[in-house]
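Structural description and commentary
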Amino acid sequence: MKAMILSDLFNMRQALVQMAWVCVVISFVVSFVSQSPIAGTAAAAAMASMSFIFGVAAYDEAGGWGAFRMTMPLSRNQVVAGRYASTLVVCMLSFCFALVVSALVLAVAQLCSGMIDAAAVMVQEFFSTSGMWLALVASALLAVSVMLFASAFATPMIMRYGLTTTTRIAPALFVVVVAVIMVVGGELIDSGTLEIAPLVELLASPASVLGLTMGVFALALVCMGISALVARRFYATREF
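The structure reproduced in this document is the subject of the present report. Note on numbering: residues in each chain are counted from 1, in written sequence order. Note on the predicted model: pLDDT of at least 70 is required for a residue's local features to be given, and 80 or more for side-chain atom pairs to be given and counted; whole-chain, interface and lining totals, by contrast, use all residues. The basis for every side-chain value is the complete set of heavy atoms in the structure, and neither hydrogens nor water enter the calculation.

**Brief notes about the overall build of the protein chain**
Applicable threshold: Runs of E in the DSSP output that reach at least two residues are strands. Runs of H or I that reach at least four are helices, and both are numbered from the N terminus. We call a residue buried when its accessible area falls under 20% of the maximum for its residue type, exposed when it is over 50%, and partly exposed in between, using a 1.4 Å probe and counting protein chains only. We call two residues contacting when some pair of their heavy atoms lies within 4.5 Å. Note that His is not counted, nor are the chain ends; the positive residues are Lys and Arg, and the negative ones are Asp and Glu. Lysine's charge is taken at NZ, arginine's at CZ, aspartate's at CG and glutamate's at CD.
Per the secondary structure count, the protein chain includes 10 helices and zero strands. The order of α-helices and β-strands along the protein chain, N terminus first, is α-α-α-α-α-α-α-α-α-α. Each principal axis of the C-alpha atoms in the protein chain carries an extent, and together these give about 60 × 50 × 30 Å. Each of the 240 residues in the protein chain was classed as buried or not, and the buried ones make up 38%. Counting contacts in the protein chain only where the partners sit at least 6 residues apart, residues at least 24 apart contribute 78% of the total. Counting 10 positive and 10 negative side-chain charges, the protein chain places the centres of these two groups 24 Å from one another.

**A word on the side chain of Thr166**
Mapped onto the fold, Thr166 is located in helix 8 (residues 163-191). Note on Thr166: relative accessible area 2%, which makes it buried. Sequence-distant contacts of Thr166, defined by excluding residues within four places in its chain, comprise Ala154, Met157, Ile158, Tyr161 and Pro171.

**Considerations on the environment of Cys112**
Within the fold, Cys112 resides in helix 5 (residues 76-112). C-alpha separation for the pair Cys112 and Leu9, spaced 103 residues apart in sequence, amounts to 37 Å.

**Notes on the side chain of Ser139**
Tracing the sequence through the fold places Ser139 in helix 7 (residues 132-161). Dropping the residues within four chain positions of it, Ser139 is found in contact with Ile38, Thr41 and Ala42.

**Observations concerning the packing of aromatic side chains**
Basically, it comes down to this: Think of it this way: a Phe, Tyr or Trp ring, Trp meaning its six-membered ring, pairs with another when their centres are within 6.5 Å, and the plane angle makes it stacked under 30 degrees, edge-to-face over 60, tilted otherwise. By definition here, charges over rings are those cases where NZ of Lys or CZ of Arg is within 6 Å of the ring centre and within 35 degrees of the ring normal.
Within the structure shown, the criterion is met by one aromatic pair. Ring centres of Phe28 and Phe32 lie 6.2 Å apart, and the angle between their planes is 10°; on these two criteria the pair is classed as stacked. Taken together, the positions of Phe28 and Phe32, both in helix 2 (residues 13-34) and four residues apart, correspond to about one turn of that helix. With a relative accessible area of 18%, Phe32 lands in the buried category. The residue whose ring lies beneath Arg13 is Phe10, and the NZ or CZ to ring-centre distance is 3.9 Å.

**Some words on helix 2**
So the rule is basically this: Take the number of residues in a helix, subtract one, and multiply by 1.5 Å to get its expected span.
With 22 residues, helix 2 should cover 32 Å at 1.5 Å per step; its first-to-last C-alpha distance of 31 Å lies within 8% of that length. Every buried residue of helix 2 is listed here: Met19, Cys23, Val24, Ser27, Phe28, Ser31 and Phe32. Close packing links the buried residues of helix 2 with helix 3 (37-61), helix 5 and helix 6 (117-128).

**Re unusual backbone geometry**
Of note in the backbone geometry, Gln35 takes a positive phi value of approximately 60° without being a glycine. We classify Gln35 as partly exposed; its relative accessible area is 30%.

**Remarks on the packing of helix 2 against helix 3**
Selection rule: Here the axes come from fitting lines to C-alpha atoms, over the contacting stretch only for helices, and the angles between their N-to-C directions go from 0 to 180 degrees. For classification, angles of less than 35 degrees are called roughly parallel, those exceeding 145 degrees roughly antiparallel, those between 65 and 115 degrees roughly perpendicular, and all remaining angles oblique. When the near helix sits turned anticlockwise from the far one by under a right angle, the crossing is termed left-handed; a clockwise turn instead gives a right-handed crossing. All amino acids are sorted into three groups, where Ala, Val, Leu, Ile, Met, Phe, Trp, Tyr, Cys and Pro are nonpolar, Asp, Glu, Lys and Arg are charged, and the leftover types, Gly among them, are polar.
At a minimum axis distance of 7 Å, the contact between helix 2 and helix 3 shows a crossing angle of 155°. Classified by the interaxial angle, the pair formed by helix 2 and helix 3 is roughly antiparallel. Crossing handedness for the pair helix 2 and helix 3: right-handed. Note on element contacts: helix 3 touches helix 2 through Pro37, Ala39, Gly40, Thr41, Ala43, Ala44, Met47, Ala48, Ser51 and Phe52, opposite Leu16, Met19, Val22, Cys23, Ile26, Ser27, Val30, Ser31 and Ser34. Residues that form the contact of helix 2 with helix 3 fall into these classes: 13 nonpolar, six polar and no charged.

**Remarks on the environment of Ala228**
Mapped onto the elements of the fold, Ala228 is located in helix 10 (residues 206-236). Residue Ala228 is classed as buried on the basis of its relative accessible area of 18%. As a C-alpha pair, Ala228 and Leu173 span 55 residues in sequence and 18 Å in three-dimensional space. Not counting the four nearest positions on each side in its chain, Ala228 is found in contact with Val80 and Tyr84.

**Comments concerning a nonpolar patch on the surface**
The condition is simple: Patch membership needs two things, relative accessible area over 30% and no salt bridge, and members are linked within 9 Å if like-charged or within 5 Å if nonpolar (Val, Leu, Ile, Met, Phe, Trp, Tyr). In this description, accessible areas are obtained by the Shrake-Rupley approach with a 1.4 Å probe, and a residue is regarded as covered only by the protein chains that are shown. The term salt bridge refers to a pairing of a side-chain nitrogen on Lys or Arg with a carboxyl oxygen on Asp or Glu at a separation within 4 Å.
On the surface, a cluster of nonpolar side chains totalling about 410 Å² of accessible area is made up of Leu219, Val222, Ile226, Val230 and Phe234. Tracing the backbone shows Ile226 in helix 10.

Below you can see the structure in the form of structure tokens.
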């Protein structure tokens, strides 16, 4: 599994470096336009993670690397486990990277606060509101959690059918799943079975938002574990 992780990171090293610079630019633009570093932080965390999740799958199909890997001393289970492990590693690196970029955005905003109105507003609102650092961490963690959910949804299909076929199937399945969740959720709320008032109360403070986000992240990890079991079954029957 270690060899698979190192292989994925090595293959994607140039793409990740390029995406890191893109994320820095996007984070600055989004933060200054929205006058808050929270949206920029989430954008940086999500973009870097998404770039790896789908980029490494595309690399498998480029030049037949996925088929060539079967000639290496790696079992199919190790390939699947390594792919999920490398995804988790990159997602957590993206989380840390996004926080570093947000700190850089705030530092630049402080330096430019006397020249740029958006920077002055950003600095004033961020440092005058309590718990904003917790909200910043929560935004990055939520973005990474969403990418983990996306990976848990798409990776089994990618391991079984490849990225090209998955891009045709996954969007339709995703729309169906979201529609079912919305319909079922709407029915539960209308019937009074599911109350949203407690959820609104949880969002009242940055500390509670961070706690809720950590719960979402834990759920994403559980989904990744279940997805890995499904992917093992799918990849075991794949023919190259």
